[in-house]
Amino acid sequence: MPVPFVRHSEVDVLIIGAGPAGLMCANALANANVNIRIVEQRAFKLTTGQGDGISPRTIEVLQSYGLAERFLRESCQIHLAAFYNPSSTGGIELTNRTSNVTAPSARYPFEGTLHQGAIQDIFLDSITPLGVKVELSTIPISIELSQDENELMDPTSYPVRVVLRRLDKSEDEPREEIVHAKFVVGCDGAHSWVRKQFDITMDGEQSNSIWGVVDMVMPHTDFPDIRNKALVHSNHGSILLIPREQDRIRIYVQLEDKDVVNPATGRVDKEKMGPEQILATAQRSLEPYKLIRKSEFLWWTIYNIGQRVASKFSIKNRVFITGDACHTHSPNAGQGMNASINDSHNLAWKIALVVHGWADMLLLSTYESERRKFALDLIAFDKMWSTLFCGKPLTEEHNDGVSPQHFIKTFQTDFTSGVGIHYNPSVAVNDRNQELASGLILGKRVPPCKFLRAADAWPFELQDLLPSDFLFKLLVFTGEFDDPLQQARVESMVTDMEKPRSFLNRYATPGSPRFDIVTISKGQKETFNIFRLPTLLRSHWSKVFIDDTDPTGSFGGEGYSYYGVGPEGALVAVRPDGYVGAIVPLDHVGGLDAYFESFMKIPA
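Here is what the cut-offs are and how they apply
- Residues numbered from 1 in each chain as written.
- Predicted model: local features only at pLDDT ≥ 70, side-chain atom pairs only at ≥ 80, totals over all residues.
- Heavy atoms only, no water.
- Helix = DSSP H or I, 4+ residues; strand = E, 2+ residues; numbered from the N terminus.
- Expected span 1.5 Å × (residues − 1).
- Buried < 20%, exposed > 50% of the residue type's maximum accessible area, 1.4 Å probe, protein only.
- Salt bridge = Lys/Arg side-chain N within 4 Å of Asp/Glu carboxyl O.
- Pairing = 2+ DSSP bridges.
- Axes fitted to C-alpha atoms, helices over the stretch in contact; angles between N-to-C directions.
- Contact = heavy atoms within 4.5 Å.
- Phe/Tyr/Trp six-rings, centres within 6.5 Å; stacked < 30°, edge-to-face > 60°.
- Lys NZ or Arg CZ within 6 Å of the ring centre and 35° of its normal.

**Some thoughts on helix α9 (residues 336–355)**
Logical step 1: Here α9 spans 28 Å end to end across 20 residues, near enough to the 28 Å set by a 1.5 Å rise per residue.
Logical step 2: Counting buried positions along α9 yields 19 of 20 residues, so the element is predominantly enclosed.
Logical step 3: Phi for G357, located one or two positions after α9, is positive at around 80°.

See below:
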């Protein structure tokens, strides 16, 4: 019998799993002109269920890739959260309504909900014109990582060998392929095959809380907060109601062990309870309000909460895991899809710079140090939040129960909004000169603020000047350029930046920039002249901005004070993912030379 032909191929990055983490990674890397492939075990794309909540920070991330407009058009915005607790008559009553997002620096002060399949479609429609197609019905069956240290440290090598198998081919057709990859990213979910191949443990515990979830079209109801996020503590258990797109809602329902656990196995048994029983439990907890289904269920599931973090997020900086493959937690805090998307957002620019030969391999180590710390913080918050949400409410019978005030206070944290993510000092995050720009926190994302484009007084949101295009952004706060002393300071800075050994020239290659300079001056729109600025600071007329009020006088003029930048100005390096990497005074460009020298590579 003839030996079947096995195809061999090479690829920069092989992505395993086409959920939110995998598609985000594929979109980011494809936009960076990295040669990728993405495979998925499923035969069809997702159409219902799974995750649905997108946080304010994740909307900012989508905006940086040009994807937020479609998401906002298709999704449901949640602006208010309503809290219900047991009433004296035995049912529930409204305790409070508050903003769903309380983080003051959120550009999008709301949560967006849209089913995961539609969110994945946004990514799919973005990568298709870039020549990337998800290879469905395809699984990895083996993976080998070279043990040769020289090969592992050579970014041009292909040290990862993966055997892929097509599930949609007949036995007499070639079904297997050997892929040689520079990097592999495992985005293959909570039961990650990639994670298991490298014996990476998931550290943590399984909680005792069991929840049912149903998606349905808007029911007949007299519940007044059916179109707000509603967090219900009742004597029959807890409920979370989430409004969704297209007149839909999702209901999370706390269940009792006896109703869903098989006593013989101790495991959740979906045969013991279906969507009708889940809804009936919700209806009891919502009394005296009515909630009557008027069409078929769109999706449902039952789960118990595992709160675990992978012991490591990477193997030799060649194989990485992201999303549910490296952290699992309850969906009640709405962080699952957000954490997954932001994992890939953090990793992709680092891989892209290394693949193109622009950064050293050690930069990749910051993926694990940054995102694993976030995952541990997430699990700590999730444990606290789940304990409060699943706990008995404070009543006369339960005087040690969860008080409404404590519950609301815990809810009002900027952790769930995503804007509070803070990366520790590393080669990618400097820890000096914070006082020069106290509102641009080293290791945190650049918060939104509007400035006027100097040439035409057109207001711009600074975040829109920081797209995810894999360039470092240099925010040059010149101060008052009309001041002769400050002008001399700025011109001296430009002289330093134009030196051959300066970072600006040291890492440049013809036609392939590494940096994008955005100049922000103090000045008045009526008198400011962009052509007085040194040429370096106005590479294009659209790159110069002033901190002044808009022509109607409605907003603006407070950017310097908001960012804590004094009259002496500052030079701020923003990473490709929108996080502040370094801050130096105008007269110490050498500080940026040292920052970039720690991980950037001089082109060959």
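**Things to note about the pattern of salt bridges**
Charged atoms that come close allow side chains of opposite charge to pair.
Logical step 1: Tallied over the entire structure, the rule returns 38 salt bridges.
Logical step 2: A salt bridge links D121 to K45; the nearest nitrogen and oxygen atoms lie 3.2 Å apart. Highlighted residues: D121 in helix α4 (residues 116–127) and K45 in the loop between β2 (36–39) and β3 (53–54), separated in sequence by 76 residues.
Logical step 3: Salt-bridge contacts for D52 lead to R250; the nearest nitrogen and oxygen are separated by 3.5 Å. One end of the pair, D52, is in the loop between β2 and β3; the other, R250, is in strand β15 (residues 248–255), and 198 residues separate them in sequence. Each member of the pair, D52 together with R250, is buried.
Logical step 4: One salt-bridge network, held together by shared partners, links D52, D215, R244, E245, R248 and R250.

**With respect to the sheet that holds strand β21 (residues 450–453)**
Logical step 1: If you trace the seven strands from one edge of the open sheet to the other, you get β22-β21-β25-β24-β23-β26-β27, paired in mixed fashion. Of all the strands in the sheet, the pair left with one neighbour each is β22 (458–461) and β27 (580–584). The average undirected angle you get between the axes of adjacent strands in this sheet is 30°.
Logical step 2: Alignment of strand β23 (residues 472–480) against strand β24 (residues 515–522), held across eight bridges, turns out to be parallel. Bridge pairing in β24 places G479 opposite S521.
Logical step 3: Each of β23, β24 and β26 (570–574) touches helix α12 (residues 484–497); the most contacted strand, β23, lies at about 155° to it.

**A few points about the packing of aromatic side chains**
Logical step 1: Taken as a whole and assessed by the stated rule, the structure comprises 32 aromatic pairs.
Logical step 2: Seen from their ring centres, W385 and F389 are 6.0 Å apart, and the 45° between their planes marks the pair as tilted. Remark: F389 and W385 occur in helix α10 (residues 365–390); sequence separation between them is four residues, near one turn of the helix. Comparing W385 with F389 shows no difference in burial state: the two are buried.
Logical step 3: Between F477 and Y563, the aromatic rings sit 6.2 Å apart at their centres with planes inclined by 80°, giving edge-to-face as the arrangement. Residue F477 is located in strand β23, and its partner Y563 is located in the loop between α14 (559–562) and β26; the two are separated by 86 residues in the primary sequence.
Logical step 4: Through pairs of rings, three or more aromatic residues link up here, namely F83, W211, F381, W385, F389, F407 and F411.
Logical step 5: One residue, R318, lies across the ring of F183, its end atom 4.9 Å from the ring centre.

**Some remarks on the environment of Q120**
Logical step 1: Examined against the element boundaries, Q120 turns out to sit in helix α4.
Logical step 2: The exposure class assigned to Q120 is buried, which follows from its relative accessible area of 8%.
Logical step 3: C-alpha separation for the pair Q120 and G19, spaced 101 residues apart in sequence, amounts to 6.9 Å.
Logical step 4: Residues in contact with Q120, not counting those within four places in the same chain, are A18, G19, P20, L23 and L46.

**Quick notes on the sheet that holds strand β5 (residues 80–86)**
Logical step 1: Strand order in the open sheet formed by eight strands is β6-β5-β13-β14-β15-β11-β17-β20, with mixed pairing between adjacent strands. Strands at the two margins of the open sheet, each flanked by one partner only, are β6 (92–99) and β20 (327–328).
Logical step 2: As judged from the seven bridges shared by β5 and β6, these two strands associate in the antiparallel manner. When the bridges of β6 are listed, N85 appears paired with E93.
Logical step 3: Running at roughly 130° to strand β17 (residues 299–310), α10 makes contact with β11 (202–217), β13 (229–234), β14 (237–244), β15, β17 and β20 of the sheet.

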